[in-house]
Amino acid sequence: MSGDPGVTAGDIARLAGVGRATVSNWRRRHGDFPRPVGGTATSPLFSLSDIEDWLHRNGKPFEVSLADRLWQRLRASGDDFRLADLVGWAGLRLLELRGDTVKVPVRPPVPAVEPDDPGLPGLLAGLAAEHGHAAAFDMLFQRYVRAHSRRLVVTRADVARLMTRLACREGDVVLDPACGLGTLLLAAPGARLALGQEGEDSAARITAVRLLLAGTPAEVVAGDSLRRDAFPGEVADSIVCNPPFGDRSWGHDDLAGDPRWEYGLPPRGEPELAWVQHCLAHVRPGGRVAVLMPSAVASRRPGRRIRGNLLRAGALRAVLTLGSGGPDLWLLRRPKPGERPPPAVLLLDTEGDFARAEREWEAYPAGEFCVPVIDLLDDEVDLSPSRHRPRQSGDAFDRRFAETLDRLRAAAPVPPGLELLPDRRPLSFTTLAELAKAGVVAISQAPARLPSGGDVPVLTADDVAAGTGPSGTSAGPGLVMLEAGDVVATAAGAARVVDEPGAALGAGLTLYRPDARRLDAGFLAGFLGFAGGRDGNGGGSSRMDPRRTRVPRLSLESQRAYGRVFQELARMTETLREMSALGESLVRLSFDGLLDGHLRPSQ
């Protein structure tokens with residue numbers, strides 16, 4: 001192995017902070033642009049060192065982080081079909097470097113691949129020393145997910161948080177029988193033990209590594225859960241699952257007499273109902289289940305008998321449509337012996353408002369969107385939330401329609417005061433790494449995992465993204481305490497200035513403590529959170545290595561002016577989001593009002 005990996009045009013665009021069209025223009029217009037060293041005519045590969053030299057010669061801002069260099073070397077060590085195995089190898093090495101004596105719990109044990117690049121272990125050790133072992137693996141994992149985004153099914157982070165909040169409790173034994181890359185198990189709060197099963201060996205290894213690096217005791221099994229159940233007879237406190245949709249070869253004929261089908265044999269074309277019953281078979285009486293489902297499962301005629309049986313037994317408690325076109329989230333609970341089933345089921349189209357979903361779930365079974373079970377047990381047993389919108393009284397509709405219209409009219413944003421320059425004056429930039437070396441800003445990170453409990457408030461990544469106060473707690477040594485004027489940023493690009501001291505820095509956050517005499521906190525937060533998203537380091541790579549973020553060299557007075565504009569733009573962004581949500585709500589109310597007789601076209 002040469003140690004000089006090949007990069008695609010997309011890689012060059014991401015690393016250089018430009019679009020792919022710009023890279024194509026460079027290739028056409030510059031005769032000295034490096035020639036491909038491999039690949040195909042439609043997807044050529046270029047030498048990374050040649051690209052670096054060319055970009056530096058032509059004055060293009062460019063710096064390859066250690067994480068990016070390691071990733072490109074890892075990719076060059078094998079073809080795309082082995083990439084998941086190579087990522088798993090990196091995780092195993094990171095566990096060894098951390099000194100873990102726990103063997104990665106994947107059954108059956110699958111031999112890990114060994115890359116043929118002798119320089120990879122040293123690069124991996126350097127990345128772990130710089131960022132920590134868990135963060136180092138997460139950097140590689142995120143790049144792997146981006147590289148194979150069309151092949152991989154990864155549960156959205158906000159959906160994973162919603163599912164685990166509604167189904168899991170601190171100290172649970174949590175099972176995911178279709179765990180994929182471990183997103184749902186990692187989102188479970190304070191799991192005592194994480195159990196997972198996944199059909200792909202490489203994905204099972206990655207899940208196990210991610211859980212162990214996060215400090216969660218785990219056992220992950222490679223294999224098909226429906227055909228080769230890895231946990232027969234074992235029950236969990238809670239189950240979360242995003243099963244494969246539409247798999248017609250799930251084993252209908254082979255599993256016809258399986259005892260898991262307590263609510264009826266799933267039809268051949270309803271594999272999702274097999275997964276629902278598999279989950280219920282593995283949760284303790286009173287235990288909770290959250291399963292993602294295609295929206296059509298709530299109404300398809302072949303599954304009506306099983307849906308009816310789930311309702312009669314009190315096992316199905318809610319169907320929540322998470323967005324336009326689905327998916328739906330089914331919330332279930334295994335009935336206790338002799339327990340009386342609830343009289344209603346929650347059927348809610350969340351319209352993307354997950355906080356609303358949590359509020360309605362807390363009100364169950366007495367909320368506005370709870371439908372009596374007896375009303376659903378007809379020939380169709382249609383559980384689609386869109387078919388069961390609660391009919392509002394005339395006064396209630398009039399009030400809601402008028403309030404929505406007034407709020408939309410009042411929410412019009414006022415843009416900040418900006419003026420065009422007659423002659424564009426390019427700004428001079430530096431990086432956060434250079435500012436840190438000069439003592440202008442101190443950069444630190446929280447431990448990868450904070451001890452639970454205690455009475456010290458902790459500012460979490462969710463708090464920073466939502467703009468709320470500290471919601472976590474912790475105790476013990478090693479906490480990074482925040483001071484007023486600090487800037488805190490998430491890996492996803494959200495940033496804010498700390499107003500009050502006393503809270504600790506949460507896991508996954510980076511702390512920037514500026515010298516107020518030379519660097520304005522609002523200016524820095526704006527570039528980290530807003531401008532940083534389009535920074536010249538490109539494609540989100542600066543979020544993985546925030547020290548590469550480029551910051552203009554400005555006087556303190558100019559920084560403060562920029563900071564004020566960034567704050568106004570942030571408020572404008574929130575206002576536009578609110579207007580979008582209000583606009584969608586008004587459209588839905590208008591349709592409902594026209595159909596229900598509350599509204600008519602103006603004469």
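The structure contained in this document is the topic of the report that follows. (Residues numbered from 1 in each chain as written. Predicted model: local features only at pLDDT ≥ 70, side-chain atom pairs only at ≥ 80, totals over all residues. Heavy atoms only, no water.)

## Things to note about the overall build of the protein chain
Condition: Note on conventions: DSSP H or I runs of at least 4 residues are helices, E runs of at least 2 residues are strands, and numbering of each starts at the N terminus. For a compact globule the rule gives 2.2 Å times the number of residues to the power 0.38, and the radius of gyration it is set against comes from C-alpha atoms. Here the term buried applies to any residue with accessible area under 20% of the maximum for its type, exposed to any over 50%, and partly exposed to those in between, with areas from a 1.4 Å probe on protein chains only. Any two residues having at least one pair of non-hydrogen atoms within 4.5 Å are treated as being in contact. Working definition of accessibility: Shrake-Rupley area with a 1.4 Å probe, residue cover restricted to the visible protein chains.
Within the protein chain one finds 20 helices and 22 strands. Rg of the C-alpha trace for the protein chain: 27 Å, near the compact-globule value of 25 Å for 603 residues, within the 12% margin. Overall, the C-alpha framework of the protein chain stretches about 75 × 70 × 55 Å when taken along its three principal axes. When burial is assessed residue by residue, the protein chain has 47% of its 603 residues classed as buried. Taking contacts inside the protein chain between residues at least 6 apart in sequence as the whole, the part at least 24 apart equals 69%. Total accessible area on the protein chain stands at roughly 28800 Å², and carbon and sulfur atoms take up 51% of it.

## Some remarks on the packing of aromatic side chains
What counts is decided by this rule: Note on aromatic pairs: the rings of Phe, Tyr and Trp (six-membered ring only in Trp) are paired at centre separations within 6.5 Å, and the planes decide the class, stacked below 30 degrees, edge-to-face beyond 60, tilted for the rest. Only Lys NZ and Arg CZ are tested; either one counts as a charge over a ring when it is within 6 Å of the ring centre and within 35 degrees of the ring normal.
As enumerated under the stated definition, the model contains nine aromatic pairs in all. Taking the centre distance of 5.5 Å and the plane angle of 50° together, the rings of W26 and W54 count as tilted. Taken together, the residues span a long stretch of sequence, with W26 in helix 2 (residues 20-29) and W54 in helix 3 (residues 48-57) at a distance of 28 residues. W26 gets classed as buried once you look at its relative accessible area, which sits at 8%. Residue W54 is classed as buried on the basis of its relative accessible area, which comes to 0%. Seen from their ring centres, Y562 and F566 are 6.3 Å apart, and the 70° between their planes marks the pair as edge-to-face. In this pair, Y562 and F566 are both assigned in helix 20 (residues 556-596), four residues apart and thus about one turn of the helix distant. Y562 sits in the partly exposed class, given a relative accessible area of 31%. What makes F566 buried here is its relative accessible area of 12%. Feature note: the residues W26, F33, F46 and W54 constitute an aromatic cluster, connected by ring pairs. When the ring centre of F141 is taken as reference, the NZ or CZ atom of R210 above it lies at 3.8 Å.

## With respect to the packing of helix 5 (residues 83-98) against helix 6 (residues 120-131)
Threshold: To obtain each axis, a line is fitted to C-alpha atoms, and for helices this fit is confined to the stretch in contact; angles are then taken between N-to-C directions over 0 to 180 degrees. What sets the label is the angle itself: under 35 degrees gives roughly parallel, over 145 gives roughly antiparallel, 65 to 115 gives roughly perpendicular, and the rest give oblique. We call a crossing left-handed when the near helix sits turned anticlockwise from the far one by less than a right angle, and right-handed when that turn is clockwise. Ten residues, namely Ala, Val, Leu, Ile, Met, Phe, Trp, Tyr, Cys and Pro, are considered nonpolar, four, namely Asp, Glu, Lys and Arg, are considered charged, and the remaining ones, Gly among them, are considered polar.
Put simply, helix 5 and helix 6 touch, their axes get as near as 10 Å, and they point 60° apart. Comparing their axes, helix 6 and helix 5 come out oblique. Judged by the twist between their axes, the crossing of helix 5 over helix 6 is right-handed. Contacts between helix 5 and helix 6 involve W89, A90, R93, L94 and L97 on the former and, on the latter, L120, P121, L124, A125 and A128. Classifying every residue of the contact of helix 5 with helix 6 by side-chain character gives nine nonpolar, no polar and one charged.

## Quick word on the pattern of salt bridges
Here is the rule: Any Lys or Arg side-chain nitrogen located within 4 Å of an Asp or Glu carboxyl oxygen qualifies as a salt bridge.
For the structure shown, the criterion picks out 31 salt bridges. Among the ionic pairs, R143 bridges to D68, the shortest N-O distance being 3.0 Å. One end of the pair, R143, is in helix 7 (residues 133-147); the other, D68, is in helix 4 (residues 66-76), and 75 residues separate them in sequence. Residue classification places R143 among the buried positions, given a relative accessible area of 1%. A relative accessible area of 0% means that D68 is categorised as buried. Because the salt bridges share partners, they merge into one network encompassing R161, R165, E358 and D462.

## Side note on the sheet that holds strand 20 (residues 504-505)
Selection criterion: Should DSSP find at least two bridges between two strands, the strands are regarded as paired.
Strand order across the open sheet formed by three strands is 17-16-20, with mixed pairing between neighbours. Edge positions in the sheet fall to strand 17 (472-474) and strand 20, since each has one partner strand and no second. Relative to strand 20, strand 16 (residues 456-459) runs parallel, the two being bridged by two bridges. Bridge pairing links V458 to A504 in strand 20.

## Overview of the environment of L450
As for its placement among the helices and strands, L450 is situated in the loop between strand 15 (441-445) and strand 16. In this structure, the C-alpha to C-alpha distance between L450 and E130, residues 320 residues apart in sequence, is 19 Å. The residues contacting L450, other than those within four sequence positions of it, are V458, S474, L479, L505, G506 and A507.

## Describing the sheet that holds strand 18 (residues 487-490)
Read from one edge to the other, the open sheet built from four strands follows the order 15-21-18-19, with strand pairing classed as antiparallel. Because the sheet does not close on itself, it has two edges, and the strands there are strand 15 and strand 19 (495-497). Taken over all neighbouring pairs, the strand axes of this sheet differ in orientation by 20° on average, direction set aside. Set on the sheet, helix 18 (residues 521-529) makes contact with strand 15, strand 18, strand 19 and strand 21 (509-514); between it and strand 19 the angle comes to about 170°.

## So, a nonpolar patch on the surface
Where we set the bar: Each patch is assembled from residues with relative accessible area greater than 30% and no salt bridge, linking like charges that lie within 9 Å and nonpolar side chains (Val, Leu, Ile, Met, Phe, Trp, Tyr) that lie within 5 Å.
A cluster of nonpolar side chains, L427, F429 and Y562, forms an exposed patch at the surface whose accessible area comes to about 230 Å². Structurally, the position occupied by F429 is in strand 14 (residues 429-431). Take F429: its relative accessible area is 33%, and that puts it in the partly exposed class.

## Some details on helix 6
To keep it simple, the criterion reads: Helix span is expected to be 1.5 Å times the residue number reduced by one. Here the arc refers to the directions that run from the helix axis out to each C-beta atom.
Across its 12 residues, helix 6 extends 16 Å between first and last C-alpha, which sits within 8% of the 16 Å expected from 1.5 Å per residue. Among all positions of helix 6, only L120, L123, L124, L127, A128 and H131 are buried. Around the axis of helix 6, the buried residues are gathered within 135° of arc, so they sit on the same side. Away from its buried face by more than 90 degrees, helix 6 exposes G122 and A129. One or two positions beyond helix 6, positive phi appears at G132, with a value near 95°.

## Quick notes on the state of the cysteines
Just so we agree on the cut-off: Cysteine sulfurs are considered disulfide-paired once they come within 2.5 Å of each other.
As enumerated under the stated definition, the model contains zero disulfides in all. Cysteine C168 remains unbridged, with the sulfur of C279 as its closest cysteine sulfur at 12 Å.

## Considering the nonpolar core
Side chains of a nonpolar character, in soluble globular proteins, are inclined to be buried together. The condition that has to hold: Grouping buried Ala, Val, Leu, Ile, Met, Phe, Trp, Tyr and Cys residues that are joined through side-chain atoms within 4.5 Å yields what is termed a nonpolar core.
Membership of the largest hydrophobic core comes to 69 residues, with the highest contact counts inside it found for Y144, L320 and L329. Ranked by residue count, the leading element in this core is helix 5, at nine residues. For L329, the contacting residues outside a window of four places in its chain are L162, M163, L166, A290, V291, L292, A318, V319, L320 and L322. In this structure, W250, W275, V319 and V371 belong to the second largest nonpolar core, which totals 42 residues.

## What about helix 5?
Between the first and last C-alpha of helix 5 there are 23 Å, a value that for 16 residues agrees with the 22 Å anticipated at 1.5 Å per step. Lining the buried residues of helix 5 we find helix 4, helix 6, helix 7 and helix 10 (201-213). Looking one or two residues beyond helix 5, the residue adopting positive phi is G99, at roughly 90°.

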